[in-house]
Amino acid sequence: MERQGTRAYDKLIFEISSPGRIAYSLPDSDVPERPLGELLPREQLRAKPAELPEVSEFDIVRHYSRLSQMNYGVDTHFYPLGSCTMKYNPKINEDMARLAGFGRLHPMTPAASAQGALQLMYDLGLALAEISGMDAVSLQPAAGAQGELSGVLMIRAYHRSRGEKRTKVLIPDSAHGTNPASTALAGYEVIEVKSDAEGAVDLGDLERHLGPDVAAFMITVPNTLGNFEPRVVEIAELCHAKGAQVYMDGANLNAILGITRPGDLGFDVCHFNLHKTFTTPHGGGGPGSGPVGIKAHLEPFLPTPVIVKQDDTYGFDWKRPKSIGKLQAFWGNFGMLVRAYTYIRTMGADGLRRVSENAVLNANYIMKRLEAHYDVAAPGPCMHECVLSARRQKKLGVTAMDVAKRLLDLGFYAPSTYFPMIVEEALMIEPTETESKETLDAFCDAMIQIARETETDPRVIHAAPLTTPVRRLDQTRAAREPALRWSRPAGP
Ligand SMILES: *Cc1c(COP(=O)(O)O)cnc(C)c1O
């Protein structure tokens, strides 16, 4: 699993540019050339040509092939990032998304000429509703965070339609950062609810905060400590008794497919991350998809348009006066919907259940193999991910960040670090169901090696990573002052 071909920082495409070099050959034009000034308004023309890189075909192919190998991804490495469900992206999904009838369909194609695509979306909505026990699903949100925002906006519209003024949303202190962010964006005050010693919701604290001003309680199940929230049904009942809606962050659905359903547990709203549970690629900032499911009483507030079926014809329903409105361009990230639909149909109900059984088995296997070497954040067994703490290592000068960096040298992507924030020196490991026992063992061996090195030779850990194109970066500066644009260096 050693990385190959690691080398000093590659040059930028601009830096290998040489004037006059080109990567293509075209036949001479056989139509008369006209000056650009005749084709475009003069004021829209550049004063001088854009400074684009000039390279040969070899240069450009090698440059981008090398760049593609400088990163870690599920196709090259085990990727145990917790809470992210970095599972295999089946190649059949890619084939289906590239079918010309899907891949080349223009989003403005009239519904009458896009019946197959609409049927796929309609059926995917039904499948997700069945999987989650919800009554309706909107496929529009582009990510989990946008699913949260739309869910909270529907809850807000629901309370308003009943003439109720509720201003607060309760969120456990173990929550993912998007939960308070999307709630605040929807105009609510965020109130933090404490976790108990086991990492579960502190019911006493929840009850103290539940009042007539609370619009909703939002919680991740299984929770971000990798445990199933033991009193989740009781929690939903407590909230409902006070007129609050309950929202389930479904990012961790990979643990419970076919085993239990948010709708059956009492949730009113639940979002899905197709790029987590349903094998669509995470895409390096590219398209995600975060459909949101709701119970029947929230249906009038669904984002428009809603895809409907009448007789055997599919169409868009825009006439929904209580809708929270349209959320983004066109109809959602359609390519992701094709991939998720393909996955669900490939797996079937039994297959989906086995997904979760094996995801949970794999996480518990890792926890058992590592529990003698690292502290465990919450008593097991865990669900689909396990949270360890490097607090024992920290006393010897090795932090969770150091462990993560050393793993890169040993050929593994790092687990999530410092999340959830309620765990000191957290290392959150999610193996997913798609990894073999051999891969899990190799990863555990590397983690155990690092625990030993902490005691015998921490220098090798502090020097890591040595095998990556760049070493330890200034992460704050990288986030605050990203260099996104090349400019010609000053000088002669
Ligand atoms: C990933 C994640 C989110 C946000 O989903 P995005 O698709 O990244 O916007 C929310 N909650 C939890 C628990 C998550 O893991």
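Residues numbered from 1 in each chain as written. Predicted model: local features only at pLDDT ≥ 70, side-chain atom pairs only at ≥ 80, totals over all residues. Heavy atoms only, no water.

Counting its secondary structure elements, the chain contains 16 helices and 13 strands. Radius of gyration (C-alpha) of the chain: 26 Å, near the 23 Å computed for a compact globule of 492 residues. For the chain, the C-alpha atoms occupy an extent of roughly 75 × 70 × 45 Å along the three principal directions. The long-range fraction of contacts in the chain, counting pairs at least 24 apart against all pairs at least 6 apart in sequence, stands at 71%. Summed over all atoms, the accessible surface of the chain reaches about 25,000 Å², with 54% contributed by carbon and sulfur. For the chain, the distance from the average site of its 53 positive side-chain charges to the average site of its 59 negative ones is 4 Å. (Helix = DSSP H or I, 4+ residues; strand = E, 2+ residues; numbered from the N terminus. Rg over C-alpha atoms; globule rule 2.2 N^0.38 Å. Contact = heavy atoms within 4.5 Å. Areas by Shrake-Rupley, 256 points an atom, 1.4 Å probe, with all protein chains shown as cover. Lys, Arg positive; Asp, Glu negative; His and termini not counted. Charge placed at Lys NZ, Arg CZ, Asp CG, Glu CD.)

Next up on the list: the site of the ligand. The local shell around the ligand holds 13 residues, among which Ser 83, Gly 144, Asp 249, His 275 and Lys 276 are the closest. Within the backbone of Ala 145, an N or O atom sits 2.8 Å from an oxygen atom of the ligand. Within the side chain of His 275, one N or O atom sits 2.6 Å away from an oxygen atom of the ligand. Coverage of the ligand by the protein chains reaches 88% of its 380 Å² of free accessible surface. No other element matches helix H6 (residues 144-161), which puts three residues into the shell around the ligand. (Near = heavy atom within 4 Å. Polar contact = N/O pair within 3.5 Å; in protein donor to acceptor, adjacent residues only side chain to side chain.)

This part takes up the domain arrangement of the chain. Taken domain by domain, the chain comprises domain 1 (36-62), domain 2 (91-347) and domain 3 (355-479). The gap between the C-alpha centroids of domain 1 and domain 2 is 44 Å. (Domains from an automatic or database assignment.)

Okay, the pattern of salt bridges next. Using the criterion set out here, one finds 30 salt bridges in the structure. Two residues, Arg 339 and Glu 94, come together in a salt bridge whose shortest N-O distance is 2.9 Å. Of this pair, Arg 339 sits in helix H11 (residues 334-370) while Glu 94 sits in helix H3 (residues 91-98), and the two are 245 residues apart along the sequence. Residue classification places Arg 339 among the buried residues on the basis of a relative accessible area of 10%. (Salt bridge = Lys/Arg side-chain N within 4 Å of Asp/Glu carboxyl O. Buried < 20%, exposed > 50% of the residue type's maximum accessible area, 1.4 Å probe, protein only.)

Let's shift gears to the side chain of His 63. On the secondary structure map, His 63 appears in helix H2 (residues 57-68). Judged by relative accessible area, His 63 falls into the buried class, the value being 6%. Dropping the residues within four chain positions of it, His 63 is found in contact with Lys 11, Leu 12, Ile 13 and Ile 16.

Residues Ile 60, Val 61, Tyr 64 and Leu 67 make up a contiguous nonpolar surface patch of roughly 330 Å² in combined accessible area. As for its position among the elements, Val 61 is in helix H2. (Patch = residues over 30% accessible without salt bridge, like charges linked within 9 Å, V, L, I, M, F, W, Y side chains within 5 Å.)

This part covers the confidence of the model for the chain. Counting all residues, the mean pLDDT for the chain is 93, and 97% of those residues have values of 70 or more. Confidence over residues 1-8 falls short of pLDDT 50; this stretch has 18 contacts with residues more than four positions distant or in other chains. (pLDDT = per-residue confidence, 0-100.)

With mixed pairing, the seven strands of this open sheet are ordered in space as E1-E7-E6-E5-E4-E2-E3. Sheet topology places strand E1 (136-138) and strand E3 (189-193) at the edges, where each strand pairs with a single neighbour. For this sheet the average axis-to-axis angle between neighbouring strands, irrespective of direction, equals 25 degrees. Here H6 sits on the sheet in contact with strand E4 (214-220), strand E5 (245-249), strand E6 (269-271) and strand E7 (292-294), set at roughly 175 degrees to E5. (Pairing = 2+ DSSP bridges. Axes fitted to C-alpha atoms, helices over the stretch in contact; angles between N-to-C directions.)

Two numbers describe how H3 lies on H11: the axes approach to 8 Å, and their chain directions differ by 130 degrees. Viewed along their axes, H3 and H11 adopt a mutual orientation that is oblique. For the crossing formed where H3 meets H11, the hand is right-handed. Only Gly 335, Val 338, Arg 339, Thr 342 and Tyr 343 of H11 make contact with H3, whose side of the interface consists of Ile 92, Asn 93, Glu 94, Met 96, Ala 97 and Arg 98. Split into classes, the residues belonging to the contact of H3 with H11 amount to five nonpolar, three polar and three charged. (Parallel < 35°, antiparallel > 145°, perpendicular 65-115°, else oblique. Left-handed = near helix turned anticlockwise from the far one by under 90°. Nonpolar A, V, L, I, M, F, W, Y, C, P; charged D, E, K, R; others polar.)

For the rest of this paragraph, the subject is the nonpolar core. With 53 residues, the main nonpolar core has Leu 128, Leu 206, Phe 217, Phe 267 and Phe 278 as its most contacted residues. Mapped onto this core, the elements with two or more residues apiece are helix H5 (115-132), E3, helix H8 (203-209), E4, helix H9 (232-241), E5 and H11. When near neighbours in sequence (up to four residues on either side) are disregarded, Phe 217 contacts Leu 170, Ile 171, Pro 172, Val 193, Val 201, Leu 206, Ile 235, Cys 239, Gln 245, Val 246 and Tyr 247. Within the second largest apolar cluster, 27 residues are counted, among which are Ile 366, Ala 390, Leu 427 and Ile 429. (Core = buried A, V, L, I, M, F, W, Y, C linked by side-chain atoms within 4.5 Å.)

Right, let's get into the sheet that holds strand E11 (residues 386-389). Sheets are built from strands paired through backbone hydrogen bonds, the pairs being either parallel or antiparallel. Spatially, E10-E11-E13-E12 is the arrangement adopted by the four strands of the open sheet, whose pairing is antiparallel. Single-partner strands in this sheet number two, and they are strand E10 (375-376) and strand E12 (416-417). With two bridges joining them, E12 and strand E13 (residues 426-429) adopt antiparallel strand pairing. Within E13, the position partnered with Ser 416 by the bridge is Met 428.

Residues Ala 426 and Met 428 point to one face of E13 and Leu 427 and Ile 429 to the other, with burial holding for every one of them. Inspection of the sheet shows E11 paired to E13 by four bridges, in the antiparallel sense. Each bridged residue has a counterpart across the sheet, and for Val 387 the counterpart in E13 is Met 428.

We now examine the side chain of His 384. Mapped onto the secondary structure, His 384 falls in the loop between E10 and E11. Of the polar contacts made by the side chain of His 384, one reaches the side chain of Asn 252; its length is 3.3 Å. Beyond its immediate sequence surroundings of up to four residues, His 384 is in contact with Pro 222, Asn 252, Ala 255, Ala 359, Val 360, Ala 363, Glu 430 and Pro 431.

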